[in-house]
Amino acid sequence: MAKKSVFDPQSVHHQFPALRRLHNKKPLIFLDGPGGTQVPERVIRAISTYYRRSNANTHGAFVTTRETDKVMADARAKTATLLGAPGPECISLGQNMTTINYSLARAMSRLLKPGDEVLITQLDHEANRGPWLTLRDFGVKVREVKLLPTGTLDYADFEQKLNENTRLVCMGMSSNAIGTVNDFALVRQMTYKVGAWLLLDAVHYAPHFSIDVQAIGCDFLICSAYKFYGPHVGILYAKSGLLDRLPTDRLRTTDQIAPYSIETGTLNHAAMAGVSAAVDFIASLGSGDRLREKLDDAYAKVSQHEFALASKLYAELKAIKGITVVGQDFSSEKRTPTVSFTVKGKTAEEVCKQLATENICAWDGHFYAVRAIEVLGLLEEGGVTRMGISLYNTEQEIDYVIKAVKKLI
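Residues numbered from 1 in each chain as written. Predicted model: local features only at pLDDT ≥ 70, side-chain atom pairs only at ≥ 80, totals over all residues. Heavy atoms only, no water.

A. Region of the structure containing the overall build of the chain. Each helix and strand counted, the chain has 13 helices and 15 strands in total. In terms of overall dimensions, the chain is globule-like: its C-alpha atoms have a radius of gyration of 21 Å, near the 22 Å expected for 409 residues. By principal-axis analysis of the C-alpha atoms, the chain measures approximately 60 × 55 × 45 Å. Looking at the chain residue by residue over its 409 residues, the buried ones come to 55%. (Helix = DSSP H or I, 4+ residues; strand = E, 2+ residues; numbered from the N terminus. Rg over C-alpha atoms; globule rule 2.2 N^0.38 Å. Buried < 20%, exposed > 50% of the residue type's maximum accessible area, 1.4 Å probe, protein only.)

What follows is the structure, encoded as C-alpha cells:
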C-alpha cells in the first residue's frame, strides 16, 4: 500500500515573506490566522504586477483594460472552482463579507413581508447577525437559535423555531471564536421542509476545508479571501437565478443580472488578481489533473496537518492547571483548528500581552462573535484567548507556545 502523503509546512515557509521576519532577533509565531492569514509571495506578486502592467478600469478597447477584464473573469472562475459553483456567473465580489451581507439584507427588506421570519444563531459572527437584525425595522421577525454550553448549536431548538413562515436561515459553517463546525447538512434538510433559503458564512471554514456549494445545496454562501492567504476581498456565491430576483441597491448603469447587480462601484482589480493567486497557491499544494482535483487534495492534506497540531495544542492546554479550554474537543475531525481558552486570574488581554513578549501572535476578546461569548458567560471577563492554526504552523511552534503559556500560571 502506498504511503499517504503528509503535508510539510516547511515546504511552503519560503513562500511567505512574513515568516522570515525577526522581532527582537527571534521569529514570530503566527497563530492569528482566524483574523487573517499571512500572504504568500505569489499573491503579493500578482497584486503588484497588476499595478505595474495592467492598471485600468474595465470594459474598454485598449490593452490594459482588456487585461483587467481578464483579471476579473479569472477571479470569478477560480473562486467558482474553489467553492464548487457551477460557473463564474454565480460569484459576486466586493469589499468584504460584512458589506456584502448588508447589501443582501437591504435587498431582502424589499422582498420579505411583515410576518415573515428569518433565523440566525447565537454562535455566529456579528457580520452574519447584525445585517439580518435590521430586518426587524421592516416587520420581519428575526429569531435566534440557542447556543449550548458545550459550544454547539441546539439543533432541537433549530427545528422547533423553523416553521412555514421562515423565509431565510443564516448560519456559519464554523465558529471563528471557538472552532465549532456546525451541522449545516442537517440544517439544509430542515430548511428544505419549510421551503426556506439557506445562507452560509464560510469565512472561518474556507481556509481549512474543501467546499462544494452544489453538494451542500445552500442558496447563498459568503467568505473572505484574506482568511485563505489572499487579499481583503468579500466573495458571494448565489445559486443560479437567485441574485437576479433580489432588488439590490444599484445604479442606473448597473445591470440587474448576476453577478453584477450587487457589486457597487469600481472593484479593487489588483486585489482580484490576488484572489486568483491565492486559489492557485492552495491548489499548488495538491495533486491532480484539474484545478478542483488539486484543491480537494490540498485541503485534505492541509486539514490533516492542521488538525494534528490543533488537537495537540488543545490537549496540552487542557492538561495545564488553571486553564479552561472553551468549546468542543478534537474527538471528531469536523473541528476547525482554532483553540480558545481562559486563564484563571488573568484576562485574555493580559494573556495575549504576555504572549506577545514571546513573539506569539494570538488574539483576545470576542472576535465579533460577541453574542456567543456573551451566552457562554465570558464577555465580562474580557472574552477568551484564541489561537488558530494555519498551514504554515509547525509542531515546534506548538511546543514553544505551550512552554510560554505555562509561564503564565
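There is more to say, and it comes next.
B. Region of interest: the packing of helix H2 (residues 41-53) against helix H9 (residues 269-283). Orientation of H2 relative to H9, taken along the N-to-C sense of each, is 150 degrees, at an axis distance of 8 Å. Comparing their axes, H9 and H2 come out roughly antiparallel. In this structure, H2 crosses over H9, and the sense of that crossing is right-handed. From H2, Arg-42, Val-43, Ala-46, Ile-47, Tyr-50 and Tyr-51 reach across to H9, where they touch His-269, Ala-270, Ala-273, Gly-274, Ala-277, Ala-278, Asp-280 and Phe-281. Class assignment of the residues belonging to the contact of H2 with H9 gives a composition of 10 nonpolar, 2 polar and 2 charged. (Axes fitted to C-alpha atoms, helices over the stretch in contact; angles between N-to-C directions. Parallel < 35°, antiparallel > 145°, perpendicular 65-115°, else oblique. Left-handed = near helix turned anticlockwise from the far one by under 90°. Contact = heavy atoms within 4.5 Å. Nonpolar A, V, L, I, M, F, W, Y, C, P; charged D, E, K, R; others polar.)

C. Representation of the sheet that holds strand S7 (residues 166-172) within the structure. Strand order in the open sheet formed by 7 strands is S4-S10-S9-S8-S7-S5-S6, and the pairing between neighbours is mixed. Sheet topology places strand S4 (91-94) and strand S6 (141-145) at the edges, where each strand pairs with a single neighbour. The sheet shows a mean angle of 20 degrees between the axes of neighbouring strands, direction not considered. Bridging between S4 and strand S10 (residues 234-238) involves 4 bridges; their strand directions are antiparallel. Residue pairing across strands places Gly-94 opposite Gly-234, the latter belonging to S10. Running over the sheet, helix H4 (residues 97-111) touches S4, S7, strand S8 (197-201), strand S9 (220-224) and S10 and is turned about 155 degrees from S9. (Pairing = 2+ DSSP bridges.)

These values are about where atoms sit, not about what they do.
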